[in-house]
Amino acid sequence: MRLVVREAALAFRRAPLLSALSVTTIAFSLFVVTLFGLVAVNLQQGLRAVAERVEVVAYLLPGTPVETVTLALKDIEAFPEVQSADFVSEDQALARARAELVEFRDVLQELERNPLPASIEVRLKPHYRDAASVDAVAERLRGFGFVDDVRFGRDWVEKLDRLRQLAGAVGLGVGAAFAAVAIIIIGTTIRMAVLHRSREIAIMRLVGATDGFVRRPFLLEGALKGLAGGLCAMALCYGAYAAINRWLLHVAFLSRTQALAVVGFGTLIGLIGSAASVGRHLRHV
Amino acid sequence: MIKFASVFKAFPKGGLAVKDVTFHIAKGEFAFLTGHSGAGKSTILKLMYAGEPVTSGEVRVSGFNVTAITRREVPRLRRRLGIVFQDFRLLEDRTAEENVAFALEVTGARWAGISARVMRVLTQVGLAAKAAAYPRELSGGEQQRVAIARALVNEPLVLLADEPTGNLDERATRGVFQLLRDINAGGTAVVMATHDLDLVRQAPYRVLELQDGALVYDSQADEAHDQAVSP
């Protein structure tokens, strides 16, 4: 192990420019991928915020006993899709209307009788905020005898669905393309570093070094370059995030797990790139 | 020690480089491989250290059946051999001492003993004073001595030298050749490929001459023949 660390350290010392170039290339390749990831994360978060407003409202027939509603609420909350179900009485509905519909305040004040029905407001769990689930829940709500009508923004939920699907497909496609480009660039960079030392590899083999002995320092070197590149990419990304946050708009940064995944991805590509390049090279000596 | 029996070596685009070569080199023997450029000297040496696969025939070196050697066994074979080249093949960014030590390190030798063993062989080749010098700071003859020290450090039974004096002036050539003779006197078999006939004439060693890949002359067989026909 001591020898592996020494040989890997020597490689950095012997070709500092090439090593710095490798790390920089890895850093910028990963930076582009991570920046795209950041956009995707923020887009996803935006869509999630919009999706939180997905709500199914069941209007109740006048005179429905409170006990019946209370029992029904328990049943509704037990639906797998449902996050919460709240009862809004006629009076609460009127109070809310008065507070929210300021321009009709006078009309609402002069009412002799409350025209607003009581309702049950159903919010869905995050994974079920799509058109199909909303439809299913609405259908089941209609099954209750005391439910007069069920409302939800069908068009709106369907549009949100389409937007989510589009964002997912574009994200996956563009993300995969960016990642593939990063892998190719990083792989080529690592291969250059290996080719730079091809004579050395041949000499190592001639004096009786096993393939494993030749390979190990390269693997460590590749992993370290990937790690350094990943850390630099995260630093660049954080800089970009801070700048956008300060001067443009408020955005979210990657979670700790996502940031670690980027650094881990860099390390892994460095490792795999080195293994592939050295392996291919060793077969020829 | 080294046995070639009806050995052929063909390159995909280069035709036959070695044709039906048979010889045996005994333990502690010194043998020259001679012939013009392209005669097959280097290829014969490569077949000995598994630098090229044998096309047909049998090659045995230091107990290894090189004809059927696996990739895993190659390092073990090479650790039993010392190999020296015309272009020295030293690692440019390591000192003489580090170059020699490297051949020991790859074998997994114990750290504690490496330095002493390295200095011993550097002393043997007359370069102890230049242990800390980098190859670029050494003359051609000195670089070849470092390469020989590296070849010797694992105490090989056979030293293979491919034109070891090819890049050296006359004085350095004499020095390196004398060193190889001393090593041979210590019991190590030496196979030296060379086209320097003056060098070959200087010493009463066995000569194997190659021509277009075929063995056309073996001084030992000649001697045996002379002894057989003399009354």
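Everything numeric in this text was worked out from a predicted model, so none of it was measured.

**Student:** Looking at this model, I keep getting lost on the pairing of strand β1 (residues 2-11) of chain B. Mind explaining?
**Tutor:** Each regular strand displays side chains that alternate between the two surfaces of the sheet. Residues and elements named next belong to chain B. Pairing geometry for β1 and strand β4 (residues 56-61), over five bridges, is antiparallel. Following the sheet pairing, Phe-4 is matched in β4 by Val-59. Bridge analysis of β1 against strand β2 (residues 15-25) gives seven bridges, and the strand direction is antiparallel. Within the sheet, the bridge partner assigned to Phe-4 lies in β2 and is Phe-23. The loop that links β1 with its antiparallel partner β2 comprises three residues.

**Student:** I tried to follow the confidence of the model for chain B on my own but got confused; where do I start?
**Tutor:** When pLDDT drops low, the exact placement of atoms in the prediction is not to be read closely. Here chain B shows a mean pLDDT of 91. Residues at 70 or above account for 97%. Quick note on the complex model: pTM equals 0.71, ipTM equals 0.85.

**Student:** Help me out: how do you make sense of the packing of helix α3 (residues 96-105) of chain B against helix α4 (residues 111-124) of chain B in this one?
**Tutor:** Describing two packed helices takes the angle between their axes plus the distance from one axis to the other. Residues and elements named next belong to chain B. Where α3 contacts α4, the two axes come as close as 9 Å, and the packing angle between them is 120°. For the element pair α3 / α4, the angle class is oblique. For the pair α3 and α4, the sense of crossing is right-handed. Residues Ala-96, Glu-97, Val-100, Ala-101, Leu-104 and Glu-105 of α3 touch α4, and the partners they reach there are Ile-114, Arg-117, Val-118, Val-121 and Leu-122. The residue inventory of the contact of α3 with α4, partitioned by class, reads eight nonpolar, no polar and three charged.

**Student:** Would you mind going over helix α6 (residues 131-142) of chain A with me for this structure?
**Tutor:** Given 3.6 residues to a turn, an α-helix orients residues that are three or four positions apart in the same direction. Residue and element names in this part refer to chain A. Counted at 1.5 Å a residue, the expected span for α6 with its 12 residues is 16 Å, and the 16 Å between its end C-alpha atoms agrees. Residues of α6 that are buried: Ser-133, Val-134, Val-137 and Leu-141. For α6, the angular spread of the buried residues around the axis is 100°, confining them to a single face. For α6, the exposed residues lying more than 90 degrees away from the buried face are Ala-132 and Glu-139. Buried residues along α6 sit in contact with β1 (55-60), β2 (82-88), β3 (119-124), β4 (147-151) and α7 (154-196).

**Student:** How do you make sense of the interface of chain A and chain B when you look at a structure like this?
**Tutor:** Frequently, the measure chosen for interface size is the accessible area removed from exposure when the parts meet. Counting residues at the interface gives 11 residues for chain A and 13 residues for chain B. Secondary-structure elements contributing two or more residues to the side of chain A that touches chain B are α1 (2-14) and α8 (198-206) of chain A. Here the element with the most residues in the side of chain A that touches chain B is α8(A); it accounts for four residues. Considering only residue class, the side of chain A that touches chain B consists of seven nonpolar, two polar and two charged.

**Student:** Is there a simple way to explain unusual backbone geometry in this structure?
**Tutor:** Glycine aside, residues mostly have negative phi, and peptide bonds are mostly found in the trans state. Residue and element names in this part refer to chain B. With a phi angle near 45°, Ser-6 is a residue other than glycine that sits in the positive phi range. Of note, Ser-6 is situated in strand β1. Taking the C-beta count within 10 Å as the criterion, Ser-6 has 11 such neighbours and is therefore assigned exposed. In the Ramachandran plot, Ala-50 falls in the positive-phi region, its phi being about 60° despite a non-glycine side chain. Relative to the helices and strands, Ala-50 is located in the loop between α1 (41-48) and β4.

**Student:** Looking at this structure, I do not really get the environment of A:Val157. What am I missing?
**Tutor:** All names here are of chain A. Here Val-157 is to be found in helix α7. Val-157 sits 23 residues away from Val-134 along the chain, and the two C-alpha atoms are 8.3 Å apart. Val-157 has contacts with Val-54, Ala-131, Val-134 and Phe-152, leaving out every residue within four places of it along the chain.

Calculation notes
- Residues numbered from 1 in each chain as written.
- Chains lettered and ligands numbered in written order.
- Predicted model: local features only at pLDDT ≥ 70, side-chain atom pairs only at ≥ 80, totals over all residues.
- Pairing = 2+ DSSP bridges.
- Helix = DSSP H or I, 4+ residues; strand = E, 2+ residues; numbered from the N terminus.
- pLDDT = per-residue confidence, 0-100.
- Axes fitted to C-alpha atoms, helices over the stretch in contact; angles between N-to-C directions.
- Parallel < 35°, antiparallel > 145°, perpendicular 65-115°, else oblique.
- Left-handed = near helix turned anticlockwise from the far one by under 90°.
- Contact = placed C-beta atoms within 7 Å.
- Nonpolar A, V, L, I, M, F, W, Y, C, P; charged D, E, K, R; others polar.
- Expected span 1.5 Å × (residues − 1).
- Buried ≥ 20, exposed ≤ 12 C-beta atoms within 10 Å, placed from the backbone.
- Arc of directions from axis to C-beta.

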